[in-house]
Amino acid sequence: MKEKGRPEEFSYKGTFSKLGMPRSLFHPNRRRPALTLVLLLASSLSAQDSTPTPSITLPGSQSPFTGSEPEGKATPEVLQIGFQEAIDRGLRNNLGLLLSGDQTLNARGERWKELSNLLPNLSARVQEDVQTQSLTALGFKSSLFPFPLPRVIGPFNYLDARASLTQSIFDFKQIEKERAASESLKSAQYSYKDARELVVLAVGNAYLLSIADAARIETANAQVVNAQALYDKAVDQQKAGLNPAIDTLRSQVELQTRQQQLIVARNDYAKQKLSLARIIGLPPGQEFALTEKAPYQALTPQPVEVYLQRAYTSRSDYQAAQAQVRSAELLRRGATAGHYPSMDLSANFGDIGVTPAESNGTWQVAGSLNIPIFAGGKTHSDVLEAESQLRQARSQLGDLRGRIDYEVRTALLDLNAAAEQVEVALSSVDLSEQALTQSRDRFTAGVTDNLEVVQAQEAVASAHESYIQSLYTHNLAKIELARAIGDAEQGVKRYLKGEHQN
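*Asks:* Help me get a handle on the overall build of the protein, residues and values and all.
*Replies:* From N to C terminus, the protein includes 10 helices and six strands. The 502 residues of the protein split such that 41% are buried. The long-range share in the protein, meaning contacts at least 24 apart out of those at least 6 apart in sequence, stands at 85%.

This is how it looks when you write it as structure tokens:
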């Protein structure tokens, strides 16, 4: 049920009404220039504090998930982008996801490379050989024979068409390396799934920031309208001799402060939309509008053990780390297998002769047993390197398990705190608007000057800003919780609606 003064979906409800004609407590001839200067300076400092400090981003410091490969070309129409469509576009165009897909392709190529060492290798070759031969170079001298020998014989030729086959019969080192490459491929595939979760998190955060900035424009615009009305009334009362000039100056400073905040809010919103467009891959220069407001639906958290159990079974990055450990274990075993013997088979069959009509079929089959005796410590070095990689993989897995526990618990703490902040912010909005109403009545009755009304207006603006920020934090905490348990891509819409897994 809509309560008095309660904003809905970041919508700002104007509170200032047409002010009455109060009797000023200060006579026009009792102006205090020093007090006027102090108030103007304080208001100016307040306006400066409300302006965000400009920041810079150095090249190379951005995450790939903040970029994208633009899709298509800009069109004259204004695209209507909803939350789900933004996520879908991000899952198609986000740079971080595209790079992760390329890494998966690279891992697939590495797996095929290792598998090729175990599969048969078949090749065919046709050779036509024409040559001459120097007998002198071979050591034949004319003095050794009763007849003269030519220094060079030939030319002569032969034709050889042959198929060759090589096959590894047993090589435990290569077997383990192929199995390790298979686990690395699984790890890359899990990393790709995790990249999709990160895209949802990045898009969701950017979308929520955008609609929060849109809400700030609405509140800032309403505050400008109310400040303009207060200033107009102060001017009229000063002309009528009912208020001192300081009231007019104070209301004018308040109006300019609100105008400055509106300029900042519009600029922030435009920049945040550009950031969102970069993340989801909209064409440069494409105009678009956001179709959704930030929902507020309470989400009743489940026990932390339930979330942790699901996170350890569903988080793709955890499964990728587990696969990486298995790959390192297999590489360690493969390095040790450098001490083991291996068996190979080679065979060839072909036709050889001076011409195809005068050729004969020949074949050869050879089996070999290779026994490593001393390789100069190479196998030992391979074992040490593989052992180091295995220890690193296990340490990273242990750290990730602890980080998952931390992320789940932190997301739950943020969710609970943000839900309480939303309730407090809503109450603050109601109380500040009540205080503003009373200040307006006191001003109308001549009990106080418009300083109290200006302060009450600032309190209302601050309360609305707290509500916008708390609502953004609450919805972001839901997305972070979905990401923490590995359910961002499928469950983010449910969590924003206050629903758990079906």
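*Asks:* I'd like a description of the sheet that holds strand E5 (residues 342–353), backed by residues and values.
*Replies:* The antiparallel open sheet is built from four strands, whose spatial order is E2-E3-E5-E6. The open sheet has two edge strands with one neighbour each: strand E2 (121–134) and strand E6 (359–370). Across the sheet, the mean angle separating the axes of adjacent strands is 20° when strand polarity is ignored.

*Asks:* Quick rundown of the nonpolar core? Include the residues and the values.
*Replies:* Of all hydrophobic cores here, the largest spans 77 residues; its most connected members are Tyr-207, Phe-288, Val-408 and Leu-481. If one sorts the elements of this core by residue count, helix H4 (residues 172–239) sits on top with 18 residues. Beyond its immediate sequence surroundings of up to four residues, Phe-288 is in contact with Val-78, Leu-79, Ile-81, Lys-273, Leu-276, Ala-277 and Leu-282. Of all hydrophobic cores here, the second largest spans seven residues; its members include Leu-230, Leu-436, Phe-443 and Ala-456.

*Asks:* Provide a residue-level description of the packing of helix H2 (residues 83–93) against H4, including the pertinent values.
*Replies:* Contact geometry for H2 and H4: axes closest at 9 Å, N-to-C directions at 135°. Overall, the two elements H2 and H4 adopt an arrangement that is oblique. Read as a crossing pair, H2 and H4 show a hand that is right-handed. Within the contact between the two elements, H2 uses Phe-83, Ala-86, Ile-87, Gly-90 and Leu-91 and H4 uses Arg-196, Val-199, Val-200, Val-203, Gly-204 and Tyr-207. For the contact of H2 with H4, the per-class residue count stands at eight nonpolar, two polar and one charged.

*Asks:* I'd like to hear about the environment of Gln-455, residue by residue, with values.
*Replies:* Along the chain, the position of Gln-455 falls in helix H9 (residues 450–484). According to the relative accessible area criterion, Gln-455 is partly exposed, its value standing at 46%. Along the backbone, Gln-455 and Glu-254 are 201 residues apart, and their C-alpha atoms lie at a distance of 9.6 Å.

*Asks:* Describe the pairing of strand E3 (residues 152–170), with residues and values.
*Replies:* Bridge analysis of E2 against E3 gives 13 bridges, and the strand direction is antiparallel. Within the sheet, the bridge partner assigned to Asp-129 lies in E3 and is Tyr-158. Two strands pair when backbone bridges link them, and E3 and E5 are joined in this way by 11 bridges, in the antiparallel orientation. Note on E5: the bridge partner recorded for Asp-160 is Ile-352.

*Asks:* Summarise the pattern of salt bridges; cite the residues concerned and give the values.
*Replies:* In this structure the tally under the stated criterion is 28 salt bridges. Residue Arg-92 pairs with Glu-71 through a salt bridge whose shortest N-O separation is 3.0 Å. Taken together, the positions of Arg-92 in helix H2 and Glu-71 in the loop between helix H1 (33–50) and strand E1 (79–81) put the pair 21 residues apart, joining distant regions of the chain. Residue Asp-160 pairs with Arg-162 through a salt bridge whose shortest N-O separation is 3.1 Å. Both residues of the pair, Asp-160 and Arg-162, belong to the buried class.

*Asks:* Mind laying out helix H5 (residues 245–280), listing which residues take part and the relevant values?
*Replies:* If you check H5, its first and last C-alpha atoms are 53 Å apart, about what 36 residues at 1.5 Å a residue would give, namely 52 Å. Just past H5, the residue Gly-281 takes up positive phi, approximately 85°.

*Asks:* I'd like to hear about a nonpolar patch on the surface, residue by residue, with values.
*Replies:* Where nonpolar side chains cluster on the molecular surface, the patch consists of Ile-169, Phe-170, Met-343, Leu-345, Phe-349, Trp-363, Val-365, Leu-369, Ile-371, Ile-373 and Phe-374 and spans about 1300 Å² of accessible area. The set of elements that each furnish at least two residues to the nonpolar patch consists of E3, E5 and E6. Mapped onto the elements of the fold, Trp-363 is located in strand E6.

*Asks:* Outline the packing of H4 against helix H10 (residues 488–496), supporting the account with residue identities and numerical values.
*Replies:* Two quantities define a packed helix pair, namely the angle between the helix axes and the distance between the axes. Interaxial distance between H4 and H10 falls to 9 Å at its minimum, and their mutual angle equals 30°. Considering their axes alone, H4 and H10 lie roughly parallel with respect to each other. For the pair formed by H4 and H10, the contact residues are Arg-196, Glu-197 and Val-200 on the first element and Ala-488, Glu-489 and Val-492 on the second. Along the lines of polarity and charge, the residues of the contact of H4 with H10 split into three nonpolar, no polar and three charged.

*Asks:* Lay out the environment of Phe-374 in plain terms, naming residues and giving numbers.
*Replies:* Structurally, Phe-374 can be placed in the loop between E6 and helix H8 (378–444). For Phe-374, a relative accessible area of 72% puts it in the exposed group. Phe-374 sits 35 residues away from His-339 along the chain, and the two C-alpha atoms are 9.0 Å apart.

*Asks:* How would you sum up H2? Please name residues and give values.
*Replies:* Of the positions making up H2, those classed as buried are Phe-83, Ala-86, Ile-87, Arg-89, Gly-90, Leu-91 and Asn-93. Those residues of H2 hidden inside the fold are in contact with E1, helix H3 (95–116), H4, H5, H9 and H10.

Reading guide: rules and limits
Residues numbered from 1 in each chain as written. Predicted model: local features only at pLDDT ≥ 70, side-chain atom pairs only at ≥ 80, totals over all residues. Heavy atoms only, no water. Helix = DSSP H or I, 4+ residues; strand = E, 2+ residues; numbered from the N terminus. Buried < 20%, exposed > 50% of the residue type's maximum accessible area, 1.4 Å probe, protein only. Contact = heavy atoms within 4.5 Å. Pairing = 2+ DSSP bridges. Axes fitted to C-alpha atoms, helices over the stretch in contact; angles between N-to-C directions. Core = buried A, V, L, I, M, F, W, Y, C linked by side-chain atoms within 4.5 Å. Parallel < 35°, antiparallel > 145°, perpendicular 65-115°, else oblique. Left-handed = near helix turned anticlockwise from the far one by under 90°. Nonpolar A, V, L, I, M, F, W, Y, C, P; charged D, E, K, R; others polar. Salt bridge = Lys/Arg side-chain N within 4 Å of Asp/Glu carboxyl O. Expected span 1.5 Å × (residues − 1). Patch = residues over 30% accessible without salt bridge, like charges linked within 9 Å, V, L, I, M, F, W, Y side chains within 5 Å. Areas by Shrake-Rupley, 256 points an atom, 1.4 Å probe, with all protein chains shown as cover.

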